[in-house]
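An overview of the molecular structure
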Amino acid sequence: MSTYHTDQDNQNILKLREMLKTLPQFAAGFFRSLGDQTATLTRLGYAYDLRIFFKFLSEEVFYVPVLQITVEKMREVESDDIEEFMEYLTYYVPAESPETAVKNAAAGKSRKLAAVRVFFKYLYKKKLILANPAELIDFPKMNEKTITTLETNEIARLLDEIDSGENLTERQKVFHEKTRLRDAAIITLLLGTGMRVSECVGLNLRDIDFETNGLRVRRKGGDEMILYFGDEVEAALFAYLDERDEAFPEKGHEDAVFLSLQNRRITTRQIQKMVKKYASLVTRLKNISPHKLRSTFGTQLYAETSDIYLVANVLGHSDVNTTRKHYAKMDDTKRRKAANVIRLRD
């Protein structure tokens, strides 16, 4: 669909190939088995996490270099070893960068255990090991996080700040004159569709259809989907694209919807910094990111429709339980309000 996404996939593939050179030879079969079942970024994430696991086995269990770890040695790994690995992740100092200590909370540990469990599942399925010790290890208990979203008045103030720029620093105001319409279009789009920041970055001009007010996006797993937008998003896009028509994009960036000041496709990091810049003018108590704008959209959509399946579909969640976990607390709020509706006495 998009050269941007293709380029990202190709870069991830090359990074994975370099990573495989640091892992035991038999690990290559695991990544080949994932094939088209997973996104390239997912496989690269597994590689980073498994590299840590193999270094732990090398230094704490087998006492041999990582590249000398064999399948036969993997048959010796017990559940106690994996439990020790989970404890090791709490705080460790990488040998390659002894000046940098690494800490992992429950979320980081869970992600790494997920990679280890998928890897051992593969080894067991291929009959390379006789038992699967990883399946005996429970995931760390995760503390539920409160969803941070913007209130209706905060959304209005955020958009007003982008329009006026009056509370920006003098240096920021210089750039604001050049990026105001672009910034307004991006934030309005994130708030009005709930798309991921990576999906926003990857938008091409041919992905927008103003006849249907639809956007073609590539979702996290690689599937394409049409997202629809309302009048406010339409107006913001129209205003920006009129200005965008006067730009002279760098070679290879001609199709990108959103351009940086260097006339290149804007990056995820640039959007994150831009959102933080404006959001800090609206609220200092909330750490607002592009993902929080996505959560704001999901919260508003659920409040208006009470349709968890619709919210899951629009947000691109493959499992509706993921959506339900995040937005079910809204049902608790409604039930609390309902309790006060009933009057037993005048």
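Everything below is about the structure printed above this text.
Residue numbers restart at each chain and count upward from 1, following the sequence in its written direction. Only residues with pLDDT of at least 70 are given local features in this predicted model, and only at 80 or more are side-chain atom pairs given and counted; all residues enter the totals for whole chains, interfaces and linings. Values reported for side chains reflect all heavy atoms of the structure, with hydrogen atoms and water molecules removed beforehand.

The subject of this paragraph is the side chain of Arg196. With respect to the helices, strands and loops of the structure, Arg196 is situated in the loop between α8 (170–193) and α9 (197–201). Setting aside chain neighbours within four positions, we find Arg196 in contact with Leu190, Arg219, Lys220, Arg294, Leu315, Gly316 and His317. Numbering of helices and strands runs from the N terminus, with a helix taken as a DSSP run of H or I at least four residues long and a strand as a DSSP run of E at least two residues long. Should any heavy atoms of two residues lie within 4.5 Å, those residues are considered in contact.

Quick look at the layout of surface pockets now. Each pocket or cavity is described by its volume, and for the second largest pocket that value is around 450 Å³. Here a cavity is any set of points on a 1 Å grid over the protein atoms alone where a 1.4 Å probe fits but cannot get out, and a pocket is any open set with protein on both sides within 12 Å along at least 5 of 7 lines; a residue lines the site when it has an atom within 4 Å of a point. Lining the second largest pocket are 15 residues, and of these Arg182, Gln270, Lys273, Met274 and Lys277 lie nearest its centre. Those elements that place two or more of their residues in the lining of the second largest pocket are α8 and α11 (268–279). With six residues, α8 is the largest single contributor of residues to the lining of the second largest pocket. As a working rule, the residues Ala, Val, Leu, Ile, Met, Phe, Trp, Tyr, Cys and Pro are called nonpolar, Asp, Glu, Lys and Arg charged, and the rest polar, with Gly in that last group. When its residues are assigned to classes, the lining of the second largest pocket shows four nonpolar, five polar and six charged. Grid points are joined across faces, edges and corners, and a volume is the space filled by probe spheres set on the points.

Okay, the pairing of strand β4 (residues 214–218) next. The pairing of strand β3 (residues 208–209) with β4 spans two bridges and is antiparallel. Residue pairing in the sheet places Ile208 in a bridge with Leu215 of β4. In textbook terms, the turn of a hairpin is the stretch between consecutive antiparallel strands, and for β3 and β4 this stretch comprises four residues, one of which, Asn213, has a positive phi near 55 degrees. Whether two strands pair depends on DSSP finding at least two bridges between them. One ladder, built from five bridges, connects β4 with strand β5 (residues 224–228); its direction is antiparallel. What sits directly across from Gly214, in β5, is Tyr228.

Structurally, Thr6 is set in helix α1 (residues 3–20). On the basis of relative accessible area, Thr6 is assigned to the partly exposed category, the value being 40%. For the exposure calls, accessible area comes from a 1.4 Å probe over protein chains only, and a residue counts as buried if that area is under 20% of its type's maximum, exposed if over 50%, partly exposed in between.

Another aspect to go through is the nonpolar core. Only buried Ala, Val, Leu, Ile, Met, Phe, Trp, Tyr and Cys residues count toward a nonpolar core, and they belong to the same one when joined by side-chain atoms within 4.5 Å. Formed by 52 residues in total, the largest nonpolar core has its most connected members in Ile187, Leu189, Met195, Phe258, Ile271 and Leu293. For this core, the leading source of residues is α8, giving seven residues. Those residues in contact with Ile187, other than ones at most four positions away along the chain, are Leu158, Leu159, Ile162, Met274, Val275, Tyr278 and Leu293. Ranked by size, the runner-up nonpolar core spans 40 residues in total, among them Leu16, Val64, Ile82 and Ala134.

The next thing to look at is the packing of helix α2 (residues 27–34) against helix α3 (residues 40–62). Between α2 and α3, whose axes approach to 11 Å, the crossing angle comes to 155 degrees. The pairing of α2 with α3 is recorded here as roughly antiparallel in orientation. Along this stretch, α2 crosses α3, giving a crossing that reads as right-handed. Only Arg43, Tyr46, Ala47 and Leu50 of α3 make contact with α2, whose side of the interface consists of Phe30, Phe31 and Leu34. Each axis is a line fitted through C-alpha atoms, and for a helix only the stretch in contact is used; angles between axes span 0 to 180 degrees, taken between their N-to-C directions. For classification, angles of less than 35 degrees are called roughly parallel, those exceeding 145 degrees roughly antiparallel, those between 65 and 115 degrees roughly perpendicular, and all remaining angles oblique. Each crossing gets its hand from how the near helix is turned against the far one by less than a right angle, where anticlockwise is left-handed and clockwise is right-handed.

Turning our attention to the packing of aromatic side chains. Think of it this way: a Phe, Tyr or Trp ring, Trp meaning its six-membered ring, pairs with another when their centres are within 6.5 Å, and the plane angle makes it stacked under 30 degrees, edge-to-face over 60, tilted otherwise. Following the criterion strictly, the structure yields 18 aromatic pairs and no others. Pairing Phe56 with Tyr88 gives two aromatic rings, centres 5.1 Å apart and planes at 50 degrees, and the pair type is tilted. Within this pair, whereas Phe56 is found in helix α3, its partner Tyr88 is found in helix α5 (residues 79–88), the two being separated by 32 residues in sequence. For the residue pair Phe56 and Tyr88, the accessibility class agrees, reading buried in each case. When the centroid spacing of 4.2 Å and the interplanar angle of 15 degrees are considered together, the rings of Phe210 and Phe238 count as stacked. Here Phe210 is found in the loop between β3 and β4, whereas its partner Phe238 is found in helix α10 (residues 231–244), with 28 residues between them in sequence. With relative accessibility at 23%, the residue Phe210 sits in the partly exposed group.

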